[in-house]
Amino acid sequence: MEGGKVIYRFEADDSDLKKTTMSVGNIVKGNLISSAITTGLSKVWGGIKNITSSVTNLAVQGGFERALDIENAEHKLTGLGHSTEEVKGIMDDALASVKGTAYGMGEAATVAASAVAAGVKPGQDLERTLKLVGDAAAISGRDMVSMGAIFNKVASAGKMTGEELNQLTDSGIPMLQLLGDTLGKTTEEVRDMVSAGEIGFDEFRNAIERGMGGAALKMGETFEGNLANTKAAMSRLGKEFMDPFLKGMTPALSTVIEIIDKITAGSTEGLDELGNQLSTQLETMITNVIDKALPMIENAIPVVTKVLNQLINAIPPILEKLLPQAISILTQIIESVVSLS
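Fair warning: this is a prediction, and the values are worked out from it, not measured in the lab.

Caption draft 1: Examining the overall build of the protein more closely. Helix and strand content of the protein: twelve helices and zero strands. Mapped in sequence order, the helices and strands of the protein form the string α-α-α-α-α-α-α-α-α-α-α-α. A total of 341 residues make up the protein; the buried ones form 28% of that total. Pairs at least 24 residues apart make up 67% of the contacts formed inside the protein by residues separated by at least 6 positions.

The following block contains the structure:
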């Protein structure tokens, strides 16, 4: 009895409650960790699927664009009167010029066709020119095709004008200085020579070569360059699938045009023959695509299987090193969250 009040004091063993609370806390932590791991694995798997999808799209789209660029370049060269053998040689020059750089065969083929049309001789002269186009493009940040257009203007005219000089200067290439160093002239003297049309294509190429020769190969060693080379490799793979598709679809599209013209004119004459012709063309195309794809797939399966097995075998040691640290960090985070709540 205290001041007219009756006070009861109880003492109880709360050890079970503490154990239960700790058990619940552990369960919560365990569930959170399990959830975090599950979510992480789910995101990793989602990332793998996204990468696979991106690689497939890159191969298909890149292969299609590469095949189109090369086909257009070959037809342009054929239209200029070059034989099949000469066209093949020019394509070989284009491929050699971009090997090891961040530029693709499609770009090189496009520039090569324009360069030959501008008067550059196939062979060593063409390969050298294409390499210099790549070097200048790498330094300026331009793509190879737009830089090739500048080179081809100089080649076509046989001299460098103020327009090309300004374009290169605006692109970050100190052309006046490069020409001055090569010719042993001051920048003012070089400017006067350009105005007088005294800087020929050879002087122009010599200056580029002296000032930045090999730049494209160096840029190809960077992360961005290697990424571009990876894309180029995927496009080369995709082109092998796209070639028979394009070659088969070209005549098929011509037949489709004839059928559409017949329908537009309201004529049914010859439609049966055209329908049979289209069916045969599509069947041939599909057969050629399959004939091209199957050997590549058969060759790829053991390689892909081996690489995947190596990657899978590498995962446990990596997880063994990373998981304890990750779980420790997660546990600390969860304990902090639980203590706040």
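Caption draft 2: Spatial organisation of the packing of helix α7 (residues 175-183) against helix α9 (residues 201-212). Interhelical geometry of α7 versus α9 gives an angle of 95 degrees and a closest axis separation of 9 Å. Taken together, α7 and α9 sit at an angle that is classed as roughly perpendicular. Across the interface between the two elements, Met175, Leu178, Leu179, Asp181, Thr182 and Leu183 of α7 pack against Glu203, Phe204, Asn206, Ala207, Ile208, Arg210, Gly211 and Met212 of α9. Class assignment of the residues belonging to the contact of α7 with α9 gives a composition of eight nonpolar, three polar and three charged.

Caption draft 3: Spotlight on helix α6 (residues 162-170). Among the residues of α6, those classed as buried are Glu164, Leu165 and Leu168. Buried residues of α6 fall within an arc of 105 degrees about the axis and therefore sit on the same side. In this structure, the buried side of α6 is in contact with α5 (144-157), α7, α8 (187-195) and α9.

Caption draft 4: The arrangement of the packing of aromatic side chains in detail. Counted under the stated rule, the structure contains two aromatic pairs. Centre to centre, the rings of Phe151 and Phe204 are 4.8 Å apart; their planes meet at 65 degrees, and the pair counts as edge-to-face. Placement of the pair is Phe151 in helix α5 and Phe204 in helix α9, with a sequence separation of 53 residues. Both residues of the pair, Phe151 and Phe204, belong to the buried class. Ring centres 6.2 Å apart and planes at 25 degrees place the aromatic pair Phe201 and Phe204 in the stacked group. Remark: Phe204 and Phe201 occur in helix α9; sequence separation between them is three residues, near one turn of the helix. Overall, the relative accessible area of 0% leaves Phe204 in the buried class. Three or more aromatic residues joined by ring pairs make a cluster, and in this case those are Phe151, Phe201 and Phe204.

Caption draft 5: Representation of the pattern of salt bridges within the structure. Taken as a whole and judged by the stated rule, the model has six salt bridges. The closest approach of N and O atoms between Lys88 and Asp92, which form a salt bridge, is 3.2 Å. Placement of both Lys88 and Asp92 in helix α2 (residues 84-98) is noted, with a separation of four residues, approximately one turn of the helix. Judged by relative accessible area, Asp92 falls into the partly exposed class, the value being 39%.

Caption draft 6: Spotlight on a nonpolar patch on the surface. A surface patch of nonpolar side chains, amounting to about 830 Å² of accessible area, comprises Val303, Val304, Val307, Leu308, Leu311, Ile312, Ile315, Leu319, Leu323 and Ile327. Within the element layout of this structure, Val304 appears in helix α12 (residues 271-340). The class for Val304 is partly exposed, based on a relative accessible area of 43%.

The rules behind the values
Residues numbered from 1 in each chain as written. Predicted model: local features only at pLDDT ≥ 70, side-chain atom pairs only at ≥ 80, totals over all residues. Heavy atoms only, no water. Helix = DSSP H or I, 4+ residues; strand = E, 2+ residues; numbered from the N terminus. Buried < 20%, exposed > 50% of the residue type's maximum accessible area, 1.4 Å probe, protein only. Contact = heavy atoms within 4.5 Å. Axes fitted to C-alpha atoms, helices over the stretch in contact; angles between N-to-C directions. Parallel < 35°, antiparallel > 145°, perpendicular 65-115°, else oblique. Nonpolar A, V, L, I, M, F, W, Y, C, P; charged D, E, K, R; others polar. Arc of directions from axis to C-beta. Phe/Tyr/Trp six-rings, centres within 6.5 Å; stacked < 30°, edge-to-face > 60°. Salt bridge = Lys/Arg side-chain N within 4 Å of Asp/Glu carboxyl O. Patch = residues over 30% accessible without salt bridge, like charges linked within 9 Å, V, L, I, M, F, W, Y side chains within 5 Å. Areas by Shrake-Rupley, 256 points an atom, 1.4 Å probe, with all protein chains shown as cover.

Read these as spatial facts, not as claims about activity.
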